[in-house]
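Next come the chains, spelled out residue by residue.
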Amino acid sequence: MSKEIFVGKKTKELKSLRKNKEVDYETHRDKYRKRHSKKKFWLRFFIILAVILGCAIFLNSSFFDVDTIKVVGNKYFEKDQIIAIANAQEGDNLFWGRNKGEIKKRLSKNPYIEEVNVSFKLPRTRIITVKERIQKCYIKVGKKYVIMDGKGFVLNESETKPKLTEIMNIKIKKAVEGKILKPEEQVNFEKVLNIITKMEADNVYFSKIKIKQGKVYAYVYDHLIVQSQYKRLLELMDNGKLSKVLYKLQQDGIKRGTVTIGNTDYVSFSPV
């Protein structure tokens with residue numbers, strides 16, 4: 001037979017009730033336990049509430065006010081420009097001030113910003129990390145120059161000729177800043193973008209590129225042209241042979257002529 005143990009005044013009361021046959025002992029015991037359980041519940045509730053309020057007051061204190069804003073990954077924009085676009089300010093609370101969602105939204109609206117991440121380093125540093133879209137090429141439309149990244153994403157329009165690769169022989173009706181360009185010659189446009197993307201990795205640079213009647217005409221200088229089928233050009237860029245040929249011409253001071261890449265594994269040069 002199990003024994004039930006009670007402590008103090010309540011124990012005496014329950015023992016007394018147990019002796020009194022007219023009193024339902026079990027009922028009184030259950031009522032006592034319910035009252036005790038409610039007291040524990042409210043005690044826990046007020047402790048948790050006090051902890052939450054204490055944390056809120058602490059997090060809202062000047063201890064977490066931003067006194068340093070760090071910008072990481074920027075190349076096109078200066079640090080102060082990124083901070084201005086984001087409207088991030090010193091003195092903001094890391095938790096209750098301008099939150100990272102607002103900062104990311106403002107920066108993401110800029111065509112040059114591809115990705116944004118906002119974090120913090122305790123106690124007072126906000127970190128804004130950006131990945132920028134890099135200017136790679138342009139198409140001349142009337143008197144303006146539509147500047148794009150390597151994916152054809154329109155970054156802006158300029159009235160000054162940029163020092164980038166010009167895409168020629170591509171017609172466009174409309175260029176919208178912050179959108180991918182959709183020209184009439186979409187296939188040729190994508191081929192040219194692919195060549196431009198490969199240039200840096202393959203140590204080759206073209207000032208102008210056009211595709212006409214299935215052939216690629218890539219200008220090293222205004223009068224030094226590489227002429228090839230699209231696939232053959234990519235092959236010689238990837239294996240490094242084109243880079244070696246162009247480097248040899250550069251060393252010899254040659255800036256005029258045509259470098260022809262044939263269907264077989266050869267490269268010829270015709271001076272002008």
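The rules behind the values
- Each chain carries its own residue numbering, running from 1 in the direction its sequence is written.
- Owing to the predicted nature of the model, reporting of local features is limited to residues with pLDDT of at least 70; listing and counting of side-chain atom pairs is limited to 80 or more, with chain, interface and lining totals taken over all residues.
- Water and hydrogen atoms play no part in the side-chain values, which are based on all heavy atoms of the structure.
- The axes used here are C-alpha line fits, helices contributing only the stretch in contact, and every angle between their N-to-C directions lies in the interval 0 to 180 degrees.
- Helix numbering and strand numbering both begin at the N terminus, where a helix is a DSSP run of H or I of at least 4 residues and a strand a DSSP run of E of at least 2.
- To sort the angles, those under 35 degrees are grouped as roughly parallel, those over 145 as roughly antiparallel, those from 65 to 115 as roughly perpendicular, and the leftovers as oblique.
- It only takes one pair of heavy atoms within 4.5 Å for two residues to be counted as in contact.
- Each residue gets one label: Ala, Val, Leu, Ile, Met, Phe, Trp, Tyr, Cys and Pro are nonpolar, Asp, Glu, Lys and Arg are charged, and the others, such as Gly, are polar.
- A carboxyl oxygen of Asp or Glu within 4 Å of a side-chain nitrogen of Lys or Arg is what we treat as a salt bridge.
- Only protein chains enter the area calculation, which uses a 1.4 Å probe; residues under 20% of their type maximum are buried, those over 50% are exposed, and those in between are partly exposed.
- A helix's residues, less one, multiplied by 1.5 Å, set its expected span.
- Whether two strands pair depends on DSSP finding at least two bridges between them.
- The crossover handedness rule: strands pointing away from the viewer, path from first strand over the helix to second strand clockwise, crossover right-handed.

1. Digging into the packing of helix H5 (residues 186–201) against helix H6 (residues 230–238)
1) Next: It is at 11 Å that the axes of H5 and H6 come closest, and there the two elements cross at 10°. When the axes of H5 and H6 are compared, the pair comes out roughly parallel. Here Lys191, Asn194, Ile195, Lys198 and Met199 of H5 come into contact with H6, specifically with Tyr230, Leu233, Leu234, Met237 and Asp238.
2) Next: Residues belonging to the contact of H5 with H6 are distributed by class as follows: 6 nonpolar, 1 polar and 3 charged.

2. A word on unusual backbone geometry
1) Next: The phi torsion at Asn87 lies on the positive side, around 55°, for a residue other than glycine.
2) Next: Here Asn87 lies in the loop between helix H3 (79–86) and helix H4 (100–108).

3. Examining the pattern of salt bridges
1) Next: Applying the stated rule across the entire model yields 7 salt bridges.
2) Next: Between Arg232 and Glu235 there is a salt bridge; the shortest N-O distance is 2.5 Å. Here Glu235 and Arg232 lie together in helix H6, a separation of 3 residues that amounts to about one turn.
3) Next: Across the salt bridge formed by Lys248 and Asp252, the nearest N and O atoms sit 2.7 Å from each other.
4) Next: On the basis of relative accessible area, Lys248 is assigned to the partly exposed category, the value being 49%.

4. Remarks on H5
1) Next: Here H5 is 16 residues long and its end C-alpha atoms lie 24 Å apart, about the 22 Å a rise of 1.5 Å per residue gives.
2) Next: The secondary structure elements touched by the buried residues of H5 are strand S4 (137–141), strand S5 (144–148), strand S7 (165–167), strand S8 (208–212), strand S9 (215–221) and H6.
3) Next: Positive backbone phi, at 60°, marks Asn203, one or two positions downstream of H5.

5. A word on the pairing of S8
1) Next: Across the 5 residues of S8, 4 count as buried, placing the element largely inside the fold.
2) Next: Bridge count between S7 and S8: 2 bridges; the pairing is parallel. Bridging across to S8, Glu166 finds its partner in Lys208.
3) Next: Following the backbone out of S7, through H5 and into the adjacent parallel S8, one traces a crossover that is left-handed.
4) Next: In this structure, S8 lies alongside S9, joined through 5 bridges in antiparallel fashion. In the strand pairing of S9, Lys208 is matched with Tyr219.
5) Next: Linkage of S8 to S9, two consecutive antiparallel strands, is achieved through a turn of 2 residues, within which Gln213 is found at a positive phi near 50°.

6. Some words on the sheet that holds S4
By definition, the strands of a sheet pair up through backbone hydrogen bonds, in either a parallel or an antiparallel sense.
1) Next: Pairing in this open sheet of 9 strands is mixed, and the strands run S6-S5-S4-S7-S8-S9-S10-S11-S12 from one edge to the other. Since the sheet does not close on itself, it has two edges, and those belong to strand S6 (154–158) and strand S12 (267–270), each with one partner. Between one strand axis and the next, the sheet turns by 25° as a mean value, whatever way the strands run.
2) Next: By the bridge criterion, 4 bridges tie strand S11 (residues 256–261) to S12 in an arrangement that is antiparallel.

7. A short note on the sheet that holds strand S2 (residues 113–121)
1) Next: Spatially, 3 strands are ordered S1-S3-S2 in an open sheet, and the strand pairing comes out mixed. Each end of this open sheet is capped by a strand with a single partner; those strands are strand S1 (68–72) and S2. Pairwise comparison of adjacent strand axes, ignoring direction, gives a mean angle of 20° for this sheet.
2) Next: Where S1 lies against strand S3 (residues 125–132), 5 bridges are found, and the strand directions are parallel. Paired with Val72 across the two strands is Thr129, which belongs to S3.
3) Next: H3 contacts S1, S2 and S3 of the sheet and is inclined by roughly 110° relative to S1.
4) Next: This element, H4, spans S2 and S3 of the sheet and lies at about 155° to S2.

The values are spatial; any link to function lies outside them.
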